[in-house]
Amino acid sequence: MPDTMAISTSKPDRFDRDGQDQLIDVQDLQAALPGIRRLRNWAQDALALQPGESAVDIGSGTGSEVFAFADRVGPTGTALGVEPDPQLLNAAERRAKQYESTAKFVSGDAYGLPFGSETFDAALCERVFQHLTAPARAAGEIARVLKPGGRVVVMDSDWGTAIVHPGDRGVVRQVIETMVAGTTNPFAGRQLAGQLTAAGLVVDDIGSHALIQESGIGAGALVARVADMAVARGAITEPQRDQLIADLEAGAASGDIHLSVTIFAVLAHKPSA
Ligand SMILES: C[S@@+](CC[C@H](N)C(=O)[O-])C[C@H]1O[C@@H](n2cnc3c(N)ncnc32)[C@H](O)[C@@H]1O
């Protein structure tokens, strides 16, 4: 299950191990996943940024997509990232210096973007809506800051599409339900088009990619952790958890393992007045 950040209950974007904050490492690992790379390429092509344009990435994390924006809009354009987490913001700013990129980063929140109306030619919001309690408000903010004719890609996972194989189906269902229960907005992916439409945008295309966990990692830390959570909430027993992990390890050893979740990406534009 690649989107590890989605399942912690209190701080969904953090993955602490041995007391160390792994946030930046996790983002870098996720950026390297083939499904994420393919969707990002799709998003960058769909946004079709031109030299001199202005583009914003909302919830920009470590800034990788803002660096790509900066390359496309060139020295006469504007490439901005908005990020509420100070640690990620600092990492993005450090990388901008290191890469000698013109990308800029500002502290801000999807619920109240720190920009005037009709500022940007293009916007991106990747795997942020799953963390939002009021995604419709964020969609409204995106619509507000886009210029008439401006384009946006919003992409997010939908935990209703999660697959854990092999394993007893009843146990797997409970583990996935536990993951759903621990995610702020677990069905974000399927709702994106409706939320952008309700915000006054016109949907032009919808794409998707399954993020498939590499078989080499066996049951994986995420499934093990969610299975522990399922035991803690009384959804499965300890022996059922142990059997599931054993089944997954055996599947990994024989090549019969599949852990995935699907991410949906919606391209939309703001109609001209
Ligand atoms: C899964 S990470 C994705 C980061 C980046 N978009 C990427 O694709 O690499 C989720 C991001 O959403 C950000 N986030 C969470 N809540 C947010 C909010 N209310 N407004 C803006 N960003 C938010 C987090 O700080 C984090 O950077």
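Please refer to the structure placed before this passage.
Just so we're clear, the structure is a prediction, and the values are computed from it rather than from any experiment.

Visitor: What is the right way to look at the packing of aromatic side chains in this model?
Guide: Two aromatic rings, taken as a pair, are described by how far apart their centres are and by the angle between their planes. With the rule as written, the count across this model stands at three aromatic pairs. Ring plane angle 80 degrees and centroid distance 5.0 Å describe the contact between Phe67 and Tyr99, whose orientation is recorded as edge-to-face. Placement of Phe67 in helix α3 (residues 64-73) and of Tyr99 in the loop between α4 (86-98) and β5 (104-107) is noted, with a sequence separation of 32 residues between them. Overall, the relative accessible area of 9% leaves Phe67 in the buried class. For Tyr99, a relative accessible area of 46% gives the class partly exposed.

Visitor: I keep staring at the site of the ligand and nothing clicks. Help me out?
Guide: The local shell around the ligand holds 17 residues, among which Arg40, Gly59, Glu83, Ala110 and Glu126 are the closest. One nitrogen or oxygen atom from the main chain of Glu126 is found 2.9 Å from a nitrogen atom belonging to the ligand. One nitrogen or oxygen atom from the side chain of Arg127 is found 3.1 Å from an oxygen atom belonging to the ligand. Protein contact buries 93% of the 590 Å² of open area that the ligand shows by itself. Of the residues belonging to the shell around the ligand, the class tally is six nonpolar, four polar and seven charged.

Visitor: Before we go on, may I ask you to explain the side chain of Arg241 in this structure?
Guide: With respect to the secondary-structure elements, Arg241 resides in helix α9 (residues 238-254). Take Arg241: its relative accessible area is 19%, and that puts it in the buried class. Leave out the neighbours within four places in its chain, and Arg241 touches Ala227, Asp228, Val231 and Ile236.

Visitor: Would you explain the pattern of salt bridges in this entry?
Guide: Side chains bearing opposite charge may pair, as long as their charged atoms lie close to each other. With the rule as written, the count across this model stands at 11 salt bridges. Here Glu126 ties to Arg127 by a salt bridge, and the two come within 3.0 Å at their closest N and O atoms. The salt bridge involving Glu238 is made with Arg241; its shortest N-O contact spans 4.0 Å. Highlighted residues: Glu238 and Arg241, both in helix α9, separated by three residues, approximately one helical turn. Glu238 gets classed as partly exposed once you look at its relative accessible area, which sits at 47%. Connected through salt bridges with shared partners, the residues Arg40, Glu65, Glu126 and Arg127 form a single ionic network.

Visitor: Quick question: what am I supposed to make of unusual backbone geometry here?
Guide: Trans is the prevailing form of peptide bonds, just as negative phi is the prevailing case for residues other than glycine. Residues His165 and Pro166 are joined by a peptide bond in cis, for which omega reads 0 degrees. Its place among the elements puts Pro166 in the loop between β7 (146-165) and α6 (169-181). A positive phi is found at Glu118, a non-glycine position, where the angle reads about 55 degrees. Within the secondary structure, Glu118 is located in the loop between β5 and β6 (120-126).

Visitor: So what exactly am I meant to see when it comes to the sheet that holds strand β4 (residues 78-83) here?
Guide: Hydrogen bonds between backbone groups are what pair the strands of a sheet, and the pairing can be parallel or antiparallel. One open sheet holds the seven strands; their spatial order is β5-β4-β3-β6-β7-β9-β8, and the pairing between them is mixed. Where the open sheet ends on each side, the last strands, each with one partner, are β5 and β8 (202-212). Pairwise comparison of adjacent strand axes, ignoring direction, gives a mean angle of 20 degrees for this sheet. Here strand β3 (residues 54-58) pairs with β6 via three bridges, running parallel. From the neighbouring strand, Ala55 faces β6, where its bridge partner is Ala122. Here α4 sits on the sheet and contacts β4 and β5; the angle it forms with β5, its principal contact strand, is near 165 degrees.

Visitor: Please clarify how the packing of helix α2 (residues 34-47) against α3 should be interpreted in this entry.
Guide: What describes two packed helices is the angle between their axes and the distance between those same axes. Interhelical geometry of α2 versus α3 gives an angle of 35 degrees and a closest axis separation of 12 Å. Between α2 and α3 lies a crossing whose hand is right-handed. Residue-level contacts link Arg40, Gln44, Asp45 and Leu47 of α2 to Ser64, Glu65, Ala68, Phe69 and Arg72 of α3. Taken together, the residues of the contact of α2 with α3 break down into three nonpolar, two polar and four charged.

Visitor: Teacher, can you tell me more about the nonpolar core here?
Guide: When a protein is soluble and globular, its nonpolar side chains tend to lie buried together. Within the largest apolar cluster, 48 residues are counted, with the highest numbers of intra-cluster contacts made by Phe105, Val153, Met155, Val175 and Leu248. The residues touching Val153, leaving out its near neighbours within four places in the chain, are Trp42, Ala43, Ala46, Leu47, Ala123, Leu124, Cys125, Ala265, Val266 and Leu267. Counting residues in hydrophobic clusters, the runner-up holds 29 residues, among them Leu80, Phe115, Ile142 and Ala193.

Reading the values: rules and limits
- Residues numbered from 1 in each chain as written.
- Predicted model: local features only at pLDDT ≥ 70, side-chain atom pairs only at ≥ 80, totals over all residues.
- Heavy atoms only, no water.
- Phe/Tyr/Trp six-rings, centres within 6.5 Å; stacked < 30°, edge-to-face > 60°.
- Helix = DSSP H or I, 4+ residues; strand = E, 2+ residues; numbered from the N terminus.
- Buried < 20%, exposed > 50% of the residue type's maximum accessible area, 1.4 Å probe, protein only.
- Near = heavy atom within 4 Å.
- Polar contact = N/O pair within 3.5 Å; in protein donor to acceptor, adjacent residues only side chain to side chain.
- Areas by Shrake-Rupley, 256 points an atom, 1.4 Å probe, with all protein chains shown as cover.
- Nonpolar A, V, L, I, M, F, W, Y, C, P; charged D, E, K, R; others polar.
- Contact = heavy atoms within 4.5 Å.
- Salt bridge = Lys/Arg side-chain N within 4 Å of Asp/Glu carboxyl O.
- Pairing = 2+ DSSP bridges.
- Axes fitted to C-alpha atoms, helices over the stretch in contact; angles between N-to-C directions.
- Left-handed = near helix turned anticlockwise from the far one by under 90°.
- Core = buried A, V, L, I, M, F, W, Y, C linked by side-chain atoms within 4.5 Å.

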